[in-house]
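Observations on the model geometry
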Amino acid sequence: MDDTLNTRPQRDSEGTPLRIFLVEDSEDVRDLIVESLAEIGGVRLVGYAETEMDALRDLQQHSYDVLILDIQLKQGNGMSLLQALARSNTRRQSEIKVVFSNHVSPTYRRVGVQCGVQHFFDKSSELPLLCDLLEELAQQRAGKAGRTSSSNNSPQGPAQAGGI
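The sections below set out a description of the structure shown in this document. (Residues numbered from 1 in each chain as written. Predicted model: local features only at pLDDT ≥ 70, side-chain atom pairs only at ≥ 80, totals over all residues. Heavy atoms only, no water.)

1. Here's the deal with the pairing of strand S2 (residues 43–49)
Every regular strand shows the same layout, with side chains that alternate between the two sheet faces. Along S2, five of the seven residues are buried, which leaves the element largely enclosed by surrounding structure. The pairing of strand S1 (residues 18–23) with S2 spans six bridges and is parallel. If you follow isoleucine 20 over to S2, its bridge partner there is leucine 45. Considered for its hand, the β-α-β crossover made up of S1, helix H1 (residues 27–38) and S2 is right-handed. (Buried < 20%, exposed > 50% of the residue type's maximum accessible area, 1.4 Å probe, protein only. Helix = DSSP H or I, 4+ residues; strand = E, 2+ residues; numbered from the N terminus. Pairing = 2+ DSSP bridges. Right-handed = clockwise from strand over helix to strand, strands pointing away.)

2. Some thoughts on the sheet that holds strand S5 (residues 117–122)
One open sheet holds the five strands; their spatial order is S2-S1-S3-S4-S5, and the pairing between them is parallel. Strands at the two margins of the open sheet, each flanked by one partner only, are S2 and S5. With strand direction ignored, the average angle separating the axes of adjacent strands in the sheet is 20 degrees. Of the pairings in the sheet, the one linking strand S4 (residues 96–101) to S5 comprises five bridges and is parallel in character. Bridge pairing links lysine 97 to valine 117 in S5. Contacts from helix H3 (residues 78–88) reach S1, strand S3 (66–69), S4 and S5 within the one sheet, and its direction differs from that of S3 by about 150 degrees. Its contacts with the sheet put helix H5 (residues 127–141) on S1, S2, S3, S4 and S5, and the angle it makes with S1 is roughly 150 degrees. (Axes fitted to C-alpha atoms, helices over the stretch in contact; angles between N-to-C directions. Contact = heavy atoms within 4.5 Å.)

3. So, the environment of phenylalanine 120
With respect to the element layout, phenylalanine 120 can be found in strand S5. Placed 22 residues apart in sequence, phenylalanine 120 and valine 98 show a C-alpha to C-alpha distance of 5.8 Å.

4. Considering the packing of aromatic side chains
Counted according to the given criterion, the structure contains one aromatic pair. Arranged with centres 6.3 Å apart and planes meeting at 45 degrees, the rings of phenylalanine 21 and tyrosine 64 form a pair that is tilted. In this pair, phenylalanine 21 is assigned in strand S1 and tyrosine 64 in the loop between helix H2 (52–61) and S3, connecting sequence segments 43 residues apart. Phenylalanine 21 gets classed as buried once you look at its relative accessible area, which sits at 0%. Judged by its relative accessible area of 0%, tyrosine 64 falls in the buried class. (Phe/Tyr/Trp six-rings, centres within 6.5 Å; stacked < 30°, edge-to-face > 60°.)

Any functional reading would require information beyond the geometric quantities listed.
Written out as structure tokens, the structure reads:
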């Protein structure tokens, strides 16, 4: 799945869209995210995986700017994936890690922060906030940020919904 999601060619001055890799085992949720990404200019889904093992393999083969992952997967889980990525030491610090899950308890947030997660979103109600974040990141990448994180109503701070 290496096609640009949106048909209009909105890319930054370098011609490089914001590259997103998605780890989500639910086909319905994955389709919803993909449809939502198609509405955001300047983003590209570079790949997806349904399991922890597939994600570990595929993430080594794809360059990405944003990793969006669920915690509960068909095989493995998102937190173990983040820990394995941290141990592998092959990823850049500038990559943004986002948890999009029904499991966003304080315990998961603490573990996520330890693994470099910058944003947590509740899958049941915060898809629009996830899309807002991705749109903002794409605009920043293109050098035309319309609003900053402090201009939205999301709680701020590490591993909060919308917070950095």
